[in-house]
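Secondary and tertiary structure notes
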Protein chains: 2
Amino acid sequence: MRQWKEERCDRPEQCAAARTEKVKRLSDLTYGIVGMGLMGGSLGKAVRENVLCVPSCGGRIFGADKSGASLSLAERQHIIDRPFSISETDEMLAQCDVVFVCLYPHDTAEFLISRKNAFKPGSVVTDISGVKAEIFSRLDEIVRSDVDFIPGHPMAGSEKEGFAHSDGSIFRGHNYIVMPLERTKSESLALFKQLISCMGFSRIVETDARTHDHKVAFTSQLCHVIAGALVDSSEDPAVTAFGGGSFEDLTRIAMINAPLWAELFLANRTELLSCIEAFESSLRRLTSYIAGNDRESLEQYLSAVREKRISMGRTEVTA
Amino acid sequence: MRQWKEERCDRPEQCAAARTEKVKRLSDLTYGIVGMGLMGGSLGKAVRENVLCVPSCGGRIFGADKSGASLSLAERQHIIDRPFSISETDEMLAQCDVVFVCLYPHDTAEFLISRKNAFKPGSVVTDISGVKAEIFSRLDEIVRSDVDFIPGHPMAGSEKEGFAHSDGSIFRGHNYIVMPLERTKSESLALFKQLISCMGFSRIVETDARTHDHKVAFTSQLCHVIAGALVDSSEDPAVTAFGGGSFEDLTRIAMINAPLWAELFLANRTELLSCIEAFESSLRRLTSYIAGNDRESLEQYLSAVREKRISMGRTEVTA
């Protein structure tokens, strides 16, 4: 497994530099977003607000979606310059310098393969799938010599769904995991990192697909499994009257997009089951101290957990 | 088990009424805080900022603690008008109209019994213990005919410790659970509810001790157990570089005060073990769908969880 490397972006300076030297380039590009849901919409807004914010810039944002309502709303809000229906998607892709494919994981792989010949030569194409195994197992079908495909995973989201709830500010201070291929051209990678840094992400982590799937099984999927099981185990829907914030913290992400997360859990099944097993083992040890009235071991366990959690630092990095 | 009843406070109106009609009374009282740690300090600040905020009011806040440093800091910050050492506590109690006992659960019971004769006749005495079983089992030793003891539990806190981290605003929008005794005088209860409402709590839930211990085993203690086990099960302290906020949401409360929470877990052991068992059962069912690649059941489970969580509403109630 390849080691991952972390790149902490000092966003204000980077973006200042980008504005003077490089934003001319970023602000002249045409961006395409395939799938204008919560994530696609939020990414589009982040590009509009941070990269194409100067009215005189030559750049454009195009959006493709099966929902005419989402496209209309995105156009009315001046997030996209032109909407494209599904049947017009090839026409859109042919004009885009940077494409974000914001579909479910399996649909993403199918889209990249079926539209392989539609991308503009020299363009940078990325996806946002939460599990990368399928995409990497089908790279031969996806990759084109004159297009730079850079798999990625913006580590931010919302319990809400759809373009209407999209928000360009949800990425501020968050992580973006990128998994460049060995063949990825360095200037394409640099451009992409410059872009996501300008969009608000403050920590770019470069790694490979296996490491990604292994790590997010713990930081993301296991957390969603736990939140779901906790809500399921509640006897009483009025229990929040007795809450102090802990229950709400642990279960915000239980308001989950069921089809998407069912797909993510199953796509990363082996890694996720291993995380659940480790969690259950930790829970059993802690429970045994409670059941055995073993105050000394309980205090030691909780003290060690506190130290470990503090040493882990923050997910969110504010500049 | 007695049904609990919820009282939603429309805080701005209540406090406006209090300021005109009743605040004269609240603002003329002497408040005593026993234990000037994170919770005692925060309660003291909430009284100072919301009840004794007018410089000309006649009310005072007294604080007792074994730590001279905490008392000095509280005095320098004008939170308390006078510090009392442990040996001077009886002298303090004799002057206080309202006393908050902010000690660990077992120490609270011991304090209430050993200082029983020190309280001012006619005063209202409350505690903040997260588990009430011991206190209610020893009521005969605690209760005095001329003092109104109203057990309570402010449902807010922080992962930090000590007076230096106390904050009077942590209670805004939060729940306060009160467990009046059958003998509690209605005017004492009304005064106490008026006070905590002015301090920022927006929902006052009145219940009995058994219901309290049963409910908080789920909303509070189980959540802390899960957060602790989740951190314990992490293989990698650098995992936050791969996080998108979920892991941080679930583990903020893992930065736990180990001796306090070990005591709370053990004091409510039977209820907590029953919650852990129910949670494990829910987790096993969810895991079986993942292991069995059963997408349909998985989606049904997650959809039901989403609906259930939405129906539960918010812990925090903002006016």
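We now turn to the structure provided with this report.

**Looking at the sheet that holds strand β5 (residues 98-101) of chain B**
Residue and element names in this part refer to chain B. Strand order in the open sheet formed by 6 strands is β4-β3-β2-β5-β6-β7, and the pairing between neighbours is parallel. Every interior strand has two partners, whereas the edge strands, β4 (82-84) and β7 (148-149), have only one. By the bridge criterion, 2 bridges tie strand β6 (residues 124-127) to β7 in an arrangement that is parallel. Each bridged residue has a counterpart across the sheet, and for V124 the counterpart in β7 is D148. Sheet contacts for helix α5 (residues 105-114): β2 (30-34), β5, β6 and β7; angle to β5, the most-contacted strand, approximately 140°.

**Focus on the relation of the copies chain B and chain A**
Screw-axis analysis of chain B against chain A gives a translation of 0.0 Å along the axis, an RMSD of 0.0 Å, and a rotation angle of 180°. Seen this way, the second copy is the image of the first under a two-fold rotation axis. Across chain B, the smallest distance between a C-alpha and the rotation axis is recorded for B:L250, namely 2.4 Å. The overlap is high: 100% of the interface residues of chain B also sit at the interface in chain A, so the same surface is used on both sides.

**Examining the interface of chain B and chain A**
Opposite the 94 residues of chain B that make contact, chain A presents 94 residues. Summed over both partners, the interface of chain B with chain A buries about 8800 Å², with 66% contributed by carbon and sulfur atoms. Between B:K215 and A:E235 there is a salt bridge, with the nearest N and O atoms lying 3.9 Å from each other. Across the chain B-chain A interface, the total number found is 42 residue pairs in polar contact (both at pLDDT 80 or more). Contributing elements (two or more residues each) for the side of chain B that touches chain A: β9 (175-178), β10 (203-206), α9 (209-232), α10 (246-251), α11 (258-267), α12 (269-291) and α13 (295-312) of chain B. Class assignment of the residues belonging to the side of chain B that touches chain A gives a composition of 47 nonpolar, 24 polar and 23 charged.

**So, the pairing of β5(B)**
Residue and element names in this part refer to chain B. Of the two faces of β5, the one carrying V98 and F100 and the one carrying V99 and V101 are both buried. Where β2 and β5 come together, 4 bridges link them in parallel fashion. Its bridge partner being in β5, Y31 is matched across the sheet by V98. Chirality of the crossover, the property in question, places the unit of β5, α5 and β6 among those that are right-handed.

**Observations regarding the sheet that holds strand β6 (residues 124-127) of chain A**
Residues and elements named next belong to chain A. Strand order in the open sheet formed by 6 strands is β4-β3-β2-β5-β6-β7, with parallel pairing between adjacent strands. The sheet terminates laterally at β4 (82-84) and β7 (148-149), the two strands that pair on one side only. Two strands pair when backbone bridges link them, and strand β5 (residues 98-101) and β6 are joined in this way by 4 bridges, in the parallel orientation. Its bridge partner being in β6, V98 is matched across the sheet by V124.

**Quick look at the pattern of salt bridges**
Enumeration over the complete set of coordinates arrives at 38 salt bridges over all chains. B:E91 serves as the salt-bridge partner of B:R82, at 3.0 Å between the closest nitrogen and oxygen. Overall, the relative accessible area of 39% leaves B:E91 in the partly exposed class. A salt bridge links B:R115 to B:D90; its shortest N-O distance comes to 2.9 Å. In this pair, B:R115 sits in the loop between α5 and β6 while B:D90 sits in helix α4 (residues 89-93), placing the two residues 25 residues apart along the sequence. Taken together, the salt bridges that share partners define one network made up of A:E110, A:E134, A:R138 and A:E141.

Calculation criteria
- Residues numbered from 1 in each chain as written.
- Chains lettered and ligands numbered in written order.
- Predicted model: local features only at pLDDT ≥ 70, side-chain atom pairs only at ≥ 80, totals over all residues.
- Heavy atoms only, no water.
- Pairing = 2+ DSSP bridges.
- Helix = DSSP H or I, 4+ residues; strand = E, 2+ residues; numbered from the N terminus.
- Contact = heavy atoms within 4.5 Å.
- Axes fitted to C-alpha atoms, helices over the stretch in contact; angles between N-to-C directions.
- Least-squares fit on C-alpha atoms with pLDDT ≥ 70 in both.
- Buried area = accessible area lost by both parts, 1.4 Å probe.
- Salt bridge = Lys/Arg side-chain N within 4 Å of Asp/Glu carboxyl O.
- Polar contact = N/O pair within 3.5 Å; in protein donor to acceptor, adjacent residues only side chain to side chain.
- Nonpolar A, V, L, I, M, F, W, Y, C, P; charged D, E, K, R; others polar.
- Buried < 20%, exposed > 50% of the residue type's maximum accessible area, 1.4 Å probe, protein only.
- Right-handed = clockwise from strand over helix to strand, strands pointing away.

Coordinates in, geometry out; function isn't part of it.
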